[in-house]
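Chains, contacts and geometry: an overview
Here is what each chain is made of, one letter per residue.
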Amino acid sequence: VHEPVFRHEALEYLGIRPGGRYIDATADGGGHTIDIANAIGPTGRVLAIEWDETLFTNLEERIARTWPRGNNACVLQRTSYVQIENLVRSLGFGPVDGVLFDLGLSSFHLERSKRGFSFQNHAEELDMRFSRDLRETGADILNARTHDELAAIFRDYGQERFADRIAAAVVATRGRRPIRTVGDFLDAIAAGIPARFRRGKIHPATRAFQALRIAVNREFENIEAGLAAAFAALAPRGRIAVIAFHSGEDGIVKRRFRDWAARGEARLLTKKPIRPGADEVRANPRARSAMLRAIEKIS
Ligand SMILES: C[S@@+](CC[C@H](N)C(=O)[O-])C[C@H]1O[C@@H](n2cnc3c(N)ncnc32)[C@H](O)[C@@H]1O
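So, here is what we can say about the structure in this document. Model, not experiment: these values are computed from the prediction.

**Thoughts on the packing of aromatic side chains**
Throughout the structure, instances matching the rule amount to nine aromatic pairs. The interplanar angle of 85 degrees and the centroid separation of 5.5 Å between the aromatic rings of Phe119 and Phe209 together place this pair among those described as edge-to-face. Of this pair, Phe119 sits in the loop between α5 (107-111) and α6 (138-144) while Phe209 sits in helix α10 (residues 206-216), and the two are 90 residues apart along the sequence. Accessibility assignment for this pair places Phe119 and Phe209 in one class, buried. Among the aromatic residues, ring-to-ring pairing joins Phe119, Phe154, Phe185 and Phe209 into one connected group. Of note, Arg256 hangs over the ring of Trp260, and the distance from its end group to the ring centre comes to 5.0 Å.

This is how it looks when you write it as structure tokens:
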């Protein structure tokens, strides 16, 4: 099971109270969902949303195992969190006291999904979709987009300094035969990065892989739309807490939050992002890059 980050801080910044109504927008294995359910007690409710079909089934099983006699406080929905406002309306779930976003991917995606998220598994198909609701895979994008569109993906979503050269290598590779697997993409990346930059602290394919994954799942568009939908669903004094894992994600959250604060619609609960302590990083290496920001809605 995916190890949750900021377990204590997530509850603290959501301002959790017994009887409240909360949304876990990115439930995955339900680590935070279960913490929230325990904190709100039998009169509270938590709506847990997960987009990935496999992870959603695992979540249902985990909740059923945790409360074998049922738990009326937990409502589970398999969809994208961009639907939060519609869901709250159709389920009659409001008024919402807090929404938690724990962005990015699950350890499951990298380690067990077999969908080409990790550059360790060369033979896997380069799929990278969180959900089959999405039509285009990573391979589809590499085979279909123009050189300039691909370069923009690598640059804007991965801060990849060799974005142009990798895009050119992808176009040259697919001119010989379609790109299909993780290995095909790795070969193109290696061809695009000058030899003396291929050895460094991080694997040379890290940025291009992250960028393609963000493009496949429309992650940045979804963060914008999800935050707006969550804010609209929030009761006055309701809170949003977001855990981000890289500057691309955190930048979107920071700008949105500052914008609401500048317009007098929300109060920042974190001026700078909260970072994990040394103990948490030691126990859970994924926490190393985690950043938490939170706001409270004013009206
Ligand atoms: C970092 S994990 C969440 C971990 C979870 N909080 C826990 O501690 O177990 C992020 C999850 O968000 C899901 N996800 C990504 N985009 C989503 C979206 N647009 N709507 C709903 N879930 C999404 C991913 O499938 C992944 O399972």
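**As for unusual backbone geometry**
Negative phi characterises most residues that are not glycine, and trans characterises most peptide bonds. Omega for the bond connecting Gly94 with Pro95 falls within 30 degrees of zero, at -10 degrees, which places this linkage in the cis form. Of note, Met128 is a non-glycine position whose phi angle comes to about 70 degrees, a positive value. Mapped onto the secondary structure, Met128 falls in the loop between α5 and α6. Residue classification places Met128 among the buried residues on the basis of a relative accessible area of 1%. Here the phi dihedral of Gln159 falls at roughly 45 degrees; this positive angle occurs in a residue that is not glycine. Along the polypeptide, Gln159 turns up in the loop between α7 (147-158) and α8 (163-176). A relative accessible area of 44% means that Gln159 is categorised as partly exposed.

**Let's talk about the site of the ligand**
Around the ligand lies a shell of 26 residues, among which His32, Glu50, Ser80, Tyr81 and Asp102 are the nearest. In this structure, a nitrogen atom belonging to the ligand sits 3.4 Å away from a main-chain N or O atom of Trp51. One nitrogen or oxygen atom from the main chain of Tyr81 is found 2.8 Å from a nitrogen atom belonging to the ligand. The protein chains hide 98% of the 610 Å² of surface that the ligand would expose on its own. Here the residues of the shell around the ligand sort into nine nonpolar, twelve polar and five charged.

**Digging into the packing of α8 against helix α9 (residues 182-192)**
Geometry of a packed helix pair, given as the angle between the helix axes and the separation of the axes. Contact geometry for α8 and α9: axes closest at 8 Å, N-to-C directions at 130 degrees. With respect to each other, α8 and α9 are oriented oblique. Relative to α9, α8 is oriented so that their crossing is right-handed. Judged by residue contacts, Arg165, Ile166, Ala169, Val170 and Thr173 of α8 engage Phe185, Ala188, Ile189, Ala191 and Gly192 from α9. Considering only residue class, the contact of α8 with α9 consists of seven nonpolar, two polar and one charged.

**Side note on the sheet that holds strand β2 (residues 45-49)**
If you trace the seven strands from one edge of the open sheet to the other, you get β3-β2-β1-β4-β5-β7-β6, paired in mixed fashion. Looking along the sheet, the strands with just one partner apiece sit at the ends: β3 (74-77) and β6 (266-268). When the angles between neighbouring strand axes are averaged without regard to direction, this sheet yields 15 degrees. The pairing of β6 with strand β7 (residues 291-297) spans three bridges and is classified as antiparallel. Across the sheet, Ala266 pairs through a bridge with Lys297, a residue of β7. Taken strand by strand, helix α3 (residues 53-66) contacts β2 and β3, and its axis lies near 165 degrees from that of β3.

**Details of the pattern of salt bridges**
Tallied over the entire structure, the rule returns 21 salt bridges. Glu296 is the partner of Arg267 in a salt bridge, and the nearest nitrogen-oxygen pair spans 3.5 Å. Of this pair, Arg267 sits in strand β6 while Glu296 is found in strand β7, placing the two residues 29 residues apart along the sequence. Relative accessible area serves as the criterion here: at 42%, Arg267 is assigned to the partly exposed category. In this structure, the salt-bridge partner of Asp279 is Arg282, at a minimum N-O distance of 3.2 Å. With Asp279 and Arg282 both in helix α13 (residues 278-283), this residue pair falls three residues apart, about one helical turn. One salt-bridge network, held together by shared partners, links Glu224, Arg256, Asp259, Arg263 and Glu265.

Quick notes on the rules
- Counting starts from 1 at the beginning of each chain's written sequence and moves along it residue by residue.
- Only residues with pLDDT of at least 70 get local features here, since the model is predicted, and only at 80 or more are side-chain atom pairs given and counted; chain-wide, interface and lining totals rely on the full set of residues.
- In computing side-chain values, all of the structure's heavy atoms are included and hydrogens and water are not.
- By convention, a stacked pair of Phe, Tyr or Trp rings (six-membered ring in the case of Trp) has centres within 6.5 Å and planes under 30 degrees apart, an edge-to-face pair has planes over 60 apart, and any other such pair is tilted.
- Helix and strand labels come from DSSP, where a helix needs a run of H or I of at least four residues and a strand needs a run of E of at least two; each type is numbered from the N terminus.
- Each residue gets one of three labels from its accessible area relative to the maximum for its type: buried under 20%, exposed over 50%, partly exposed in between, using a 1.4 Å probe on protein chains only.
- Whether a charge lies above a ring is judged from NZ of Lys or CZ of Arg, which has to be within 6 Å of the ring centre and within 35 degrees of the ring normal.
- One heavy atom within 4 Å of a molecule or strand makes the whole residue count as near it.
- For this analysis, a polar contact is any N or O atom pair within 3.5 Å, provided that within protein one partner can donate a hydrogen and the other can accept it, and provided that sequence-adjacent residues contribute only side-chain to side-chain pairs.
- Each accessible area value is a Shrake-Rupley result obtained with a 1.4 Å probe; residue values ignore everything except the protein chains displayed when judging cover.
- Ten residue types, Ala, Val, Leu, Ile, Met, Phe, Trp, Tyr, Cys and Pro, are classed as nonpolar, four, Asp, Glu, Lys and Arg, as charged, and the remainder, Gly among them, as polar.
- Where helices are involved, their axes are fitted lines through C-alpha atoms of the stretch in contact, as for all axes, and angles between N-to-C directions lie from 0 to 180°.
- When an angle is under 35 degrees it counts as roughly parallel; over 145 it counts as roughly antiparallel; between 65 and 115 it counts as roughly perpendicular; any other value is oblique.
- Take the far helix as the reference: if the near one is turned anticlockwise from it by less than a right angle, the crossing is left-handed, and if turned clockwise, right-handed.
- Residue contacts follow a heavy-atom distance rule, with two residues in contact if any of their heavy atoms lie within 4.5 Å.
- Between any two strands, pairing holds if DSSP finds at least two bridges.
- Here, a salt bridge means any Lys or Arg side-chain nitrogen found within 4 Å of an Asp or Glu carboxyl oxygen.

Any link to function would need more than the numbers given here.
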